[in-house]
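# Remarks on the overall topology
Now for the letters of each chain:
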Amino acid sequence: MSNPVFAADSGGSFLVSPDVGLMIWTLVVFLISMYILSKVAFPRIAAALDKRQQAIEESIDTAERTRVEADKLLAEYRERLHEARGQADEIVARARKTAENNEAESVAEARRKREEMMAQTRRDIEQETRRAIQEIRSEVADLTVLATEKVTRKSLDGADQKRLVEEALAELDFAALANEERR
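Our subject in this report is the structure included herewith. (Residues numbered from 1 in each chain as written. Predicted model: local features only at pLDDT ≥ 70, side-chain atom pairs only at ≥ 80, totals over all residues. Heavy atoms only, no water.)

## A word on the overall build of the chain
Note the following rule: Here a strand is any run of E in DSSP of at least two residues, a helix any run of H or I of at least four, and the numbering for each starts at the N terminus. The buried label goes to any residue with under 20% of its type's maximum accessible area, the exposed label to any with over 50%, and the partly exposed label to all in between, with areas taken from a 1.4 Å probe on protein chains only. Per-residue accessibility takes into account occlusion by the displayed protein chains alone, with areas from the Shrake-Rupley method and a 1.4 Å probe.
Broken down by element type, the chain carries three helices and zero strands. Its helices and strands in sequence order give the chain the pattern α-α-α, from N to C terminus. The buried share among the 183 residues of the chain stands at 8%. Summing over all exposed atoms, the chain offers an accessible surface of approximately 16100 Å²; the carbon and sulfur share of this is 58%.

Now the structure itself:
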């Protein structure tokens, strides 16, 4: 087996054992390639990279503006939502207050009507009681006159009838009768 380092001495590969002339030509070709690339390819590549960088920066700026606008809209939405909730709470509170006032007014009106009806009923009862007492007095007077005529077997004149009726009525306690009617 032969060692590759010693192969150059024995006429081996020129890549393994560098020659000064080859190195110079390689360097010249490299510099020419670099010059051509710097005049032709690198500006286009740089322009494409700058254009791409600018597009990315614009996209970032647009995204930032969009995010700021979205934050503003979100803040505005939250503020409006808060206002709407406040208004809804206020409307509910007013509705409750109105309902309570209406209920209180209805209760007061019902009480007032009940009191009016009770007063009217009392007046009607008192009026009926007076009318009944008047009818009873009239009946008692008629019965007293009949009873007296039967007992005395004679007809009484107007003065005697009046005196007998008044005596009979005085004996009856109409006030007690009126109180019993009220119960």
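The discussion continues.
## Points about helix 1 (residues 20-152)
Spelled out, the test is: Residue count minus one, scaled by 1.5 Å, sets the expected span of a helix. To obtain the bend at a residue, axes are fitted to the seven residues ending there and to the seven starting there, and the angle between these axes is taken.
Helix length check: helix 1, at 133 residues, gives a terminal C-alpha distance of 185 Å against a target of 198 Å (1.5 Å per residue), a fit within 8%. For helix 1, the principal kink sits at Ser38 and spans about 50°. Listed as buried for helix 1 are Thr129, Ile133, Val140, Ala141, Thr144, Val145 and Thr148.

## Here we look at the pattern of salt bridges
Keep this limit in mind: Criterion for a salt bridge: a side-chain nitrogen of Lys or Arg within 4 Å of a carboxyl oxygen of Asp or Glu.
The tally for this structure, following the rule as stated, stands at ten salt bridges. Between Glu109 and Arg112 there is a salt bridge; the shortest N-O distance is 2.2 Å. One end of the pair, Glu109, and the other, Arg112, are both in helix 1, three residues apart, so they sit about a helical turn from each other. Look at Glu109 and you get partly exposed, because its relative accessible area is 32%. Classification of Arg112 by relative accessible area gives partly exposed; the value is 37%. With a closest N to O distance of 2.6 Å, Arg131 and Glu128 form a salt bridge. Of this pair, Arg131 and Glu128 both sit in helix 1, three residues apart, roughly one helical turn. Its relative accessible area of 42% is what places Arg131 among the partly exposed residues.

## Description of a nonpolar patch on the surface
Quick note on the threshold: Every patch collects residues that have over 30% relative accessible area and no salt bridge, joining them within 9 Å if they carry like charges and within 5 Å if they are nonpolar side chains (Val, Leu, Ile, Met, Phe, Trp, Tyr).
On the surface, Val20, Ile24, Trp25, Val28, Ile32, Tyr35, Ile36 and Val40 cluster together to form a nonpolar patch covering roughly 830 Å² of accessible area. Following the sequence through the fold, Ile36 ends up in helix 1.

## Overview of the packing of helix 1 against helix 2 (residues 158-171)
The geometry of a pair of packed helices is captured by two quantities: the angle between their axes and the separation between those axes. Quick reminder of the rule: Only C-alpha atoms enter the line fits that serve as axes; for helices the fit covers just the stretch in contact. Angles between N-to-C directions range over 0 to 180 degrees. By definition in this entry, angles of less than 35 degrees are roughly parallel, angles greater than 145 are roughly antiparallel, angles of 65 to 115 are roughly perpendicular, and the rest are oblique. Two helices that cross are described as forming a left-handed crossing if the nearer one is turned anticlockwise from the farther one by less than a right angle, and a right-handed crossing if clockwise. Contacts were defined at the residue level, with two residues in contact if any of their heavy atoms lie within 4.5 Å.
The geometry of helix 1 relative to helix 2 is characterised by a closest axis approach of 9 Å and an angle of 120° between their N-to-C directions. Comparing their axes, helix 2 and helix 1 come out oblique. In the crossing of helix 1 with helix 2, the sense of the turn from one axis to the other is right-handed. Facing Arg137, Val140, Ala141, Thr144, Val145, Thr148 and Glu149 of helix 1, the residues of helix 2 in contact are Gln161, Leu164, Val165, Ala168 and Leu169.

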